[in-house]
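Structural characterization, general
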Amino acid sequence: MLELALALLATLTVGALLLPFLRGGPEAPVATDAERLEGELGIYRDQLAEIEAERAAGTLPEADAAAARLEIERRVLAAAEGRKPAAAPSTNLHRWVPPAIALLVPLLALGLYLRLGHPGLPSAPFVAGAAMPDGERQIDVARLVADARARVAAQPNDGEAQSALGEALTLEANGTVTPSAVAAFKRALALQPADARALYYLGLYEAQAGDSPAALRLWRELVEKSPPDAPYLPALRAEIARLARASGAPAAPADSAGGSAMPQPTREQQEAMASMTPDQRQQTIRTMVEGLAARLQDNPQDRAGWLRLANAWKVLGENGNAVDAYARADALGPVDARVLADWAESHVRGLKPGEPPPAAAVAVLKRLEQADPKNGLALFYLGAADFAAGDRKAAAQRWKTLLSMLPPDAPIRPLLE
């Protein structure tokens, strides 16, 4: 019905615009055949008079004058005897053809759309995590919340059900972790202390409330409780680094080489930093990291130092410097899968959406995949590299492997599918 109404509205609009053409303007008077002949004969009479005047004045020889008179007389006879009236143009045809074409084009376009298009398909812009498996419907958040509430009512002691309810309430609030969602996540943690979803969203709640230290504590706890090949770890570590950088947090978890990710301040420095503004703390941390980088230039064989520097640059968001430091450490001794994951993450963190990883990143990612075939970061970005290179079979194989590892409600699943 909507399409029909739009078609009628378009037809009425075009008709209104074409009304002046349909009415037509004042018609020009059409000369009769006798009037046209009389006009031509008048021209010939004037030419004959000019010839006679030139002959009388002696400027035109008698022979030339006779030939000219003969030619004009021939034209007069031809005009009088051989001329037939030309068919007058059809005013009706000129009046109706343009409006007919103007109306026919939109009607034809509407017919093709109704035949080939999908007028009943609702608008569905791509939103990560919002596509249903049938590819045509978006998540019905209200239905999702209702189903989660029903599941909790039926199984109040099911930690997974409580966690699902908290996530549904967060989706309903457009990503804001509401107090009702917090209560559900806390009940989920009481039932399942290692619930990854509850830990993540509770950390997000603290971050949204402005308590960055509490958020970092919960997210680092989640990192410690997660298996090494958990596919969400790269994104979680990136979010931890972002929040730590934004809040000026001076410390980060220990790296795999046994040293700390950031150069640790002394007690006096910690006391001084407590009274600083976030920008001042950030600058102090950067000064410490730059001091470590300067010391390593004098002692380039300190592999553990390069690893500490790499992680420090990574926390500060200096991904290019982090990549270089990881490479220096790797040159002194091949790094393990955990460090390879951090190295690869530094490589790909600056990529734009849809941009394939560069060759240097692919080399690290392939080493990571060889060391840990189920690593989600390697599977995702190596699949993107395969796709960009035109090897869709290899890309599909890697992404299918990654899909088999993801939980059913993973936000990245619709994108991979």
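The structure presented is a predicted model; accordingly, all values stated were derived computationally and were not measured.

1. Quick word on the overall build of the chain
- Tallying secondary structure elements over the chain gives 19 helices and zero strands in all.
- Taking all 417 residues of the chain together, 34% fall into the buried category.
- Across the chain, contacts joining residues at least 24 apart in sequence account for 51% of those joining residues at least 6 apart.
- Entry remark: accessible area of the chain is about 24900 Å², with carbon and sulfur atoms responsible for 60%.

2. Here's the deal with the nonpolar core
- With 35 residues, the main nonpolar core has Leu309 and Leu365 as its most contacted residues.
- Within the residue set of this core, elements represented by two or more residues are helix H12 (278–298), helix H13 (303–316), helix H14 (319–332), helix H15 (337–348), helix H16 (359–371) and helix H17 (376–388).
- Examining the composition of this core, we find that seven residues originate from one element, H13, more than from any other.
- The residues touching Leu309, leaving out its near neighbours within four places in the chain, are Val289, Leu292, Ala293, Leu296 and Ala325.
- Counting 32 residues, the second-largest nonpolar core is a separate cluster that includes Phe185, Ala198, Leu218 and Val223.

3. Notes on the confidence of the model for the chain
- Residues at a pLDDT of 70 or more form 71% of the chain, whose mean pLDDT is 75.
- Note that pLDDT drops below 50 for residues 118–138; the model gives that stretch 21 contacts with residues more than four away or on any other chain.
- Every residue in residues 250–262 scores below 50 in pLDDT, and together they form 30 contacts with partners more than four places removed in sequence or on other chains.

4. A look at H14
- With 14 residues, H14 should reach 20 Å at 1.5 Å per residue; the first-to-last C-alpha distance of 20 Å fits that figure.
- Every buried residue of H14 is listed here: Asn319, Ala322, Val323, Ala325, Tyr326, Ala329 and Asp330. For H14, the arc enclosing every buried residue in end-on projection is 165 degrees, short of the 170-degree limit, so these residues lie on one face.
- If you follow the buried residues of H14, they end up packed against H13, H15 and H16.

5. So, the pattern of salt bridges
- For the structure shown, the criterion picks out 14 salt bridges.
- Between Arg151 and Asp158 there is a salt bridge, and its shortest N-O distance comes to 3.6 Å.
- Using a relative accessible area of 34% as the deciding quantity, one classes Arg151 as partly exposed.
- One salt bridge in this structure joins Arg197 and Glu160, with 2.6 Å as the shortest N-O distance. Of the two residues, Arg197 sits in helix H8 (residues 196–208) while Glu160 sits in helix H6 (residues 159–172), which places them 37 residues apart along the sequence.
- Bridged by salt links that share partners, the residues Glu52, Arg55 and Glu62 form one connected network.

6. Some remarks on the packing of aromatic side chains
- For the structure shown, the criterion picks out six aromatic pairs.
- Where Phe380 meets Tyr381, the ring centres are 5.0 Å apart and the plane angle is 85 degrees; that geometry is what we call edge-to-face.
- Members of the aromatic cluster, connected to one another through ring pairs, are Phe185, Tyr200, Tyr201 and Trp219.

7. A short note on helix H18 (residues 392–405)
- Here H18 contains 14 residues, and its C-alpha end-to-end distance of 20 Å stays within 8% of the 20 Å for a straight helix at 1.5 Å per residue.
- Listed as buried for H18 are Ala394, Ala395, Arg398, Trp399, Leu402 and Leu403.
- Of the surrounding elements, those touching the buried residues of H18 are H16, H17 and helix H19 (413–416).

8. Overview of the packing of helix H7 (residues 179–191) against H8
- Interaxial distance between H7 and H8 falls to 9 Å at its minimum, and their mutual angle equals 140 degrees. Looking at the two axes, H7 sits oblique to H8. Every pair of crossing elements has a handedness; the one defined by H7 and H8 is left-handed. Judged by residue contacts, Val182, Phe185, Lys186, Ala188 and Leu189 of H7 engage Arg197, Ala198, Leu199, Tyr201, Leu202 and Tyr205 from H8.
- Grouping the constituent residues of the contact of H7 with H8 by class yields nine nonpolar, no polar and two charged.

9. Section: the environment of Tyr381
- Structurally, Tyr381 is set in helix H17.
- Sequence-wise, Tyr381 and Leu365 are 16 residues apart; in three dimensions their C-alpha atoms are separated by 7.7 Å.
- Leaving out residues up to four positions away in the same chain, Tyr381 has contacts with Val348, Leu351, Pro357 and Leu365.

10. Structural notes on the environment of Ala360
- In this structure, Ala360 sits in helix H16.
- Classification of Ala360 by relative accessible area gives partly exposed; the value is 45%.
- A C-alpha to C-alpha distance of 9.3 Å links Ala360 and Ala344, two positions 16 residues apart in sequence.

11. Overview of the packing of H13 against H14
- Relative orientation of the contacting elements H13 and H14 amounts to 160 degrees, with a least axis distance of 8 Å. One finds that H13 runs roughly antiparallel with respect to H14. In this structure, H13 crosses over H14, and the sense of that crossing is left-handed. Contacts from Arg303, Trp306, Leu307, Leu309, Ala310, Asn311, Trp313 and Lys314 in H13 reach Asn321, Ala322, Ala325, Tyr326, Arg328, Ala329 and Leu332 in H14.
- Residues of the contact of H13 with H14, tallied by class, amount to 10 nonpolar, two polar and three charged.

12. Topic: the environment of Pro358
- Looking at the element boundaries, Pro358 is found in the loop between H15 and H16.
- With relative accessibility at 39%, the residue Pro358 sits in the partly exposed group.
- Along the chain, Pro358 and Ala385 lie 27 residues apart, while their C-alpha atoms are 8.2 Å from each other.

Conventions adopted
Residues numbered from 1 in each chain as written. Predicted model: local features only at pLDDT ≥ 70, side-chain atom pairs only at ≥ 80, totals over all residues. Heavy atoms only, no water. Helix = DSSP H or I, 4+ residues; strand = E, 2+ residues; numbered from the N terminus. Buried < 20%, exposed > 50% of the residue type's maximum accessible area, 1.4 Å probe, protein only. Contact = heavy atoms within 4.5 Å. Areas by Shrake-Rupley, 256 points an atom, 1.4 Å probe, with all protein chains shown as cover. Core = buried A, V, L, I, M, F, W, Y, C linked by side-chain atoms within 4.5 Å. pLDDT = per-residue confidence, 0-100. Expected span 1.5 Å × (residues − 1). Arc of directions from axis to C-beta. Salt bridge = Lys/Arg side-chain N within 4 Å of Asp/Glu carboxyl O. Phe/Tyr/Trp six-rings, centres within 6.5 Å; stacked < 30°, edge-to-face > 60°. Axes fitted to C-alpha atoms, helices over the stretch in contact; angles between N-to-C directions. Parallel < 35°, antiparallel > 145°, perpendicular 65-115°, else oblique. Left-handed = near helix turned anticlockwise from the far one by under 90°. Nonpolar A, V, L, I, M, F, W, Y, C, P; charged D, E, K, R; others polar.

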